[in-house]
Every structure is written in structure tokens, then in C-alpha cells.
Amino acid sequence: MLVTLSLVSGKMNNVLCENVNININDSLKAGFIEPQEVVSLLKTMEVKLWGYPVYDIPAAEVENVVKNNMPFAEDVCAWADVHGDFHIDLTQRNPIARVVLQDGQSYYIGEKGYLLPLSPNYSSRVLVVSGDVFQKIPGNGNITIDSLVHIKGPENTMIDEIYEMAAYINQDSLLKRQIEQIFVKQNEFELIPKVGTHTIEFGSVDDLLNKFFKLKVIYYKGFSNLGWNKYSRVNLKYKNQVVCTKR
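Right, let's walk through the structure included here. (Residues numbered from 1 in each chain as written. Predicted model: local features only at pLDDT ≥ 70, side-chain atom pairs only at ≥ 80, totals over all residues. Heavy atoms only, no water.)

### A few points about the overall build of the protein chain
Across its full length, the protein chain carries seven helices and 13 strands. The buried share of the protein chain, taken over its 247 residues, is 42%. If you take every contact in the protein chain between residues at least 6 apart in sequence, the share linking residues at least 24 apart comes to 58%. (Helix = DSSP H or I, 4+ residues; strand = E, 2+ residues; numbered from the N terminus. Buried < 20%, exposed > 50% of the residue type's maximum accessible area, 1.4 Å probe, protein only. Contact = heavy atoms within 4.5 Å.)

### Side note on the packing of helix α2 (residues 35–44) against helix α3 (residues 59–69)
Contact pair α2 / α3: the axes reach a minimum separation of 10 Å and the direction vectors enclose 110°. Comparing the axis directions of α2 and α3 gives the class roughly perpendicular. The two elements α2 and α3 cross, and the hand of that crossing is right-handed. For the pair α2 and α3, the contacting residues are V38, L41 and L42 in the first and V62, V65, V66 and N69 in the second. Taken together, the residues of the contact of α2 with α3 break down into six nonpolar, one polar and no charged. (Axes fitted to C-alpha atoms, helices over the stretch in contact; angles between N-to-C directions. Parallel < 35°, antiparallel > 145°, perpendicular 65-115°, else oblique. Left-handed = near helix turned anticlockwise from the far one by under 90°. Nonpolar A, V, L, I, M, F, W, Y, C, P; charged D, E, K, R; others polar.)

### Topic: the sheet that holds strand β2 (residues 73–80)
The sheet built from three strands is open, its strands ordered β1-β3-β2 with mixed pairing. If you trace the sheet from one side to the other, it starts and ends with β1 (19–25) and β2, each paired once. Across the sheet, the mean angle from the axis of one strand to that of its neighbour is 15°, orientation sign disregarded. The sheet contact formed by β2 and strand β3 (residues 85–92) spans seven bridges and is antiparallel. Directly across from A73, in β3, lies its bridge partner Q92. (Pairing = 2+ DSSP bridges.)

### Observations concerning α3
Restricting attention to buried positions, one finds in α3 the residues V62, E63, V65 and V66. Buried residues in α3, looked at end-on, bunch into an arc of 160°, giving them a common side. On the buried face of α3, the contacting elements are α2, β2 and β3. (Arc of directions from axis to C-beta.)

### So, the environment of Q241
Note that Q241 resides in the loop between β12 (231–235) and β13 (243–246). Look past the residues within four positions of Q241 in its chain and what remains in contact with it is K214 and N235.

### Notes on unusual backbone geometry
With a phi close to 50°, Q186 is a non-glycine residue in the positive phi region. When you line up the elements, Q186 lands in the loop between β9 (179–185) and β10 (188–193). Q186 sits in the exposed class, given a relative accessible area of 66%.

### With respect to the nonpolar core
One finds I109, M165, F189 and F212 to be the most contacted residues of the largest nonpolar core, which totals 38 residues. Residues within four places of M165 in sequence aside, it is in contact with I182, F189, L191, F202, V205, L208 and F212. (Core = buried A, V, L, I, M, F, W, Y, C linked by side-chain atoms within 4.5 Å.)

### Comments concerning the pairing of β10
Judged from the six bridges that link them, β9 and β10 form a sheet pairing that is antiparallel. Bridged to K185 within β10 is E188. Counting the residues between successive antiparallel strands, the hairpin from β9 to β10 contains two residues, one of them, Q186, with a positive phi of roughly 50°. Bridge count between β10 and strand β11 (residues 199–203): three bridges; the pairing is antiparallel. When the sheet's bridge partners are listed, F189 is paired in β11 with G203. Where β10 folds back on β11, the antiparallel hairpin that results is connected by five residues, among which G196 adopts a positive phi of roughly 100°.

### Some words on the environment of S106
With respect to the secondary-structure elements, S106 resides in strand β5 (residues 106–110). In this structure S106 comes out as buried when scored by relative accessible area, which is 18%. Considered as a pair, S106 and L116 are ten residues apart in the sequence and their alpha carbons are 9.5 Å apart. At a separation of 3.2 Å, a polar atom in the side chain of S106 contacts the side chain of R98. (Polar contact = N/O pair within 3.5 Å; in protein donor to acceptor, adjacent residues only side chain to side chain.)

### Section: the sheet that holds β11
The ten strands are arranged β8-β6-β5-β4-β7-β9-β10-β11-β12-β13 in an open sheet whose pairing can be described as mixed. Each edge of the open sheet carries a strand with a single partner, namely β8 (143–144) and β13. Across the sheet, helix α7 (residues 208–226) is in contact with β10, β11 and β12; its angle to β11 comes to roughly 160°.

### Some points on the side chain of T199
In this fold, T199 is placed in strand β11. A relative accessible area of 16% means that T199 is categorised as buried. Discounting residues that sit within four places of it in the chain, T199 has contacts with E190, L191, I192, S232, R233 and V234.

Here you go:
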């Protein structure tokens, strides 16, 4: 075994990198990251790859370059084989909401709380958040909501609450199909559904689980019998009750 490993190691010292294979794990088939973009980035950053001995290629440096310069790159693993091929396995971040600021700029919030810039390759059809939202993406966009809530200032007071609500809607099969927009107004939330002509007055994120439970009860046991267009507003802000306003 030791002799075999020694021979393999000696062979890799002499094998030059000729091919770089990019494998992107994209569960949504969204295409936020294209393989050619990764190749172009590595060439621009002058990372030692093509024509260099595979044994000398700094895999950790390759991983850091991709992760630090591509906000949609979540996990990156780089490695070489004895044939001279260098492999980069990349997992893409998935957005759960698109935030539209009052000045027209917008960005995505990812599943794990990262703020992600828009992509020229693909526009994701996700929950839209608008209204009194002012938080922009600092730096290159590779930043989490958790790191923002410690920064004092009126522009970021709602972003953690927006993420909390968007994450809950995204993991619930009914709500994900039904809620298409979150509107922020004076530190409270209104929800706009896909089916029905009503607006949902949600209030703050306090008691979030119970409020969404009441909404689903209304949907399953109320609107399914009375019709989806009978009411103009559904108010969830009051404890242990739902107030509906007729059209």
C-alpha cells in the first residue's frame, strides 16, 4: 500500500492540469451560476490551475476564491485526480424571497439568511417583499441577516422579521402556494394571496405560529365552504379570533 501511494504521489507531481470540471448542484434547476462563470472568475483572479502540476494546485485557495466572489455559491469542494483533471463541486444557494426597495433596487433572501444580488442568468419566481423596506446589501452581497441585526439604524430594523416570516411561508406547503407578496407598512405586515381577492392583515411577527394557524383554519374550514371572494380583508392581529370584512 505504501509503495502504491508513493507511486501515485510521484505521478501526480508530474501530471499537469489540463481540464477543470465544474459540477453545480442546483436543486431548483435555476441556473444562477453557470460553469463558464466559475472558469472566468478563476482566470481573472489568476489562480494557478491550467498547465500547473495538479499536486501543486492550492485547492483551498480555489474554494475561497469561488465562495468569496460568488454570493450564490454555498458549499465549494475542489480536488484533483491522478489523470490531471481538477474538479470543483459547488452547491448553489436557493432564494426564498425577493425584496424590492422603495428606490426600485431589489435582491433575494436565501434559505439560510444570506442576502443575494439579482442574477443576470435567471429570475426566480419567489415571494415578493415590498413597502417600507430600506435595507440594502452591504459590500458584495455575501452577508447574512444575523450580522445585520447588530448594526444600529432604522434601515435594517425589519429585515430579520421579514426573513422569519418568509422562511416560515417557504417551509409550509399551503402558504408557499397561496401567499405571493408581503407588504411592509409602518412596522407591520400585510399578506397578498394568489387565490382570492382579500388582503391579510398580519400585524407584527409576534405570535407568528398562532396567526398562521388561524389563517389556515379559515382557508380549510371557512373559505372552502363560503367562497374565496366573499371577503375583502382578513385580520389576524387579535388574539384567539379572526375578523373578516365582507366585500
